[in-house]
Amino acid sequence: MKKQRTWIPLTVLVLAIYSLYSTPHMSLRTYVFFTGYPIQAITSGIVDDRYHNEMDNKDYGKLNAKAYALTDPPVEKQTQGVLSNYLVRKYGIIYITDYLGDT
């Protein structure tokens, strides 16, 4: 009877997840993709959100975070709101993205 290699699928899964969250831009694209806007996730450019980064510099420093904006942001279907600003935080070796809003 052969010994099963259960660690191979687990390793592939961990590497796939890490590759999606290994950089701020990939984390942001992954977030936008899984919130229902796959075309904007792939085609939109990403720039630093200078306004939020300058206004909240001390808070973002404590959070180990930085704000980014999409150049071609998705538009929310029900409210027609533009989803352009996002906050990306670093946790260990991965980056996690949250929607920041337009404030």
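The structure under discussion appears in the preceding block.
Residues numbered from 1 in each chain as written. Predicted model: local features only at pLDDT ≥ 70, side-chain atom pairs only at ≥ 80, totals over all residues. Heavy atoms only, no water.

**Q** Can you walk me through the nonpolar core in this structure?
**A** Taken as a class, soluble globular proteins show a tendency for nonpolar side chains to be buried jointly. Leu28, Val32, Tyr37, Ala41, Ile46, Tyr68, Leu70, Leu83, Tyr86, Val88 and Tyr95 together form the largest nonpolar core, which totals 11 residues. Of all elements in the fold, only helix H2 (24-34), strand S2 (65-70) and strand S3 (85-91) reach the threshold of two or more residues within this core. Discounting chain neighbours no more than four positions away, the residues touching Val88 are Pro24, Asn64, Ala65, Lys66, Tyr68, Tyr95, Ile96 and Thr97. (Core = buried A, V, L, I, M, F, W, Y, C linked by side-chain atoms within 4.5 Å. Buried < 20%, exposed > 50% of the residue type's maximum accessible area, 1.4 Å probe, protein only. Helix = DSSP H or I, 4+ residues; strand = E, 2+ residues; numbered from the N terminus. Contact = heavy atoms within 4.5 Å.)

**Q** Just to check I follow, could you spell out unusual backbone geometry for this structure?
**A** Most of the time, phi is negative for any residue but glycine, and the peptide bond is trans. One non-glycine residue, Asn64, lies in positive phi territory at about 55°. By the secondary structure assignment, Asn64 is in the loop between helix H5 (57-63) and S2. Judged by its relative accessible area of 46%, Asn64 falls in the partly exposed class. Unlike most non-glycine residues, Gln80 shows phi in positive territory, near 60°. Mapped onto the elements, Gln80 comes out in the loop between S2 and S3.

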